[in-house]
Amino acid sequence: MPEYEFVNVYVPRGVSRKEAARLLTDHAEYGHWELDRLSLHRDGSRRVRLRRRIIRQVRATW
């Protein structure tokens, strides 16, 4: 089963949808994150949870 690490990103209510999309795209491109969960609050702010897979190295045996 794959293991993931998570990061929470808070996007305040004054940030436009286009700017929020650009911010999340930058995280995806340069940090290899993918969207796990997005919650939109009544005040217009967003809480985003991003995840990326943890790749473990297997030790080589001689």
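Rules of the game
Residues numbered from 1 in each chain as written. Predicted model: local features only at pLDDT ≥ 70, side-chain atom pairs only at ≥ 80, totals over all residues. Heavy atoms only, no water. Helix = DSSP H or I, 4+ residues; strand = E, 2+ residues; numbered from the N terminus. Buried < 20%, exposed > 50% of the residue type's maximum accessible area, 1.4 Å probe, protein only. Contact = heavy atoms within 4.5 Å. Areas by Shrake-Rupley, 256 points an atom, 1.4 Å probe, with all protein chains shown as cover. Lys, Arg positive; Asp, Glu negative; His and termini not counted. Charge placed at Lys NZ, Arg CZ, Asp CG, Glu CD. Expected span 1.5 Å × (residues − 1). Pairing = 2+ DSSP bridges. Axes fitted to C-alpha atoms, helices over the stretch in contact; angles between N-to-C directions.

Draft legend 1. Focus on the overall build of the chain. Along the chain, the regular secondary structure elements total 1 helix and 3 strands. Start at the N end of the chain and walk to the C end: the helices and strands fall as β-α-β-β. Across the 62 residues of the chain, 15% fall into the buried class. Sequence separation of 24 or more characterises 59% of the internal contacts of the chain that already satisfy a separation of 6 or more. Carbon and sulfur atoms provide 50% of the accessible area of the chain, an area that totals close to 5800 Å². Across the chain, the 14 positively charged side chains and the 8 negatively charged ones have centroids separated by 4 Å.

Draft legend 2. Just helix H1 (residues 17–31), in detail. Under the 1.5 Å per step criterion, the end-to-end length of H1 is 21 Å for 15 residues, consistent within 8% with the ideal 21 Å. Phi turns positive one or two residues past the end of H1, at His 32, with a value near 60°.

Draft legend 3. Representation of the sheet that holds strand S2 (residues 34–40) in the model. Pairing is antiparallel across the open sheet formed by 3 strands, whose spatial order is S1-S3-S2. In the strand order of this sheet, the two ends are held by strand S1 (3–11) and S2, each with one partner. If you compare each strand with its neighbour and ignore which way they point, the axes differ by 20° on average. Relative to strand S3 (residues 46–54), S2 runs antiparallel, the two being bridged by 6 bridges. Bridge pairing in S3 places Glu 34 opposite Arg 51. Strand contacts of H1: S1 and S3, with the helix running at about 15° to S3, the strand carrying the most contacts.

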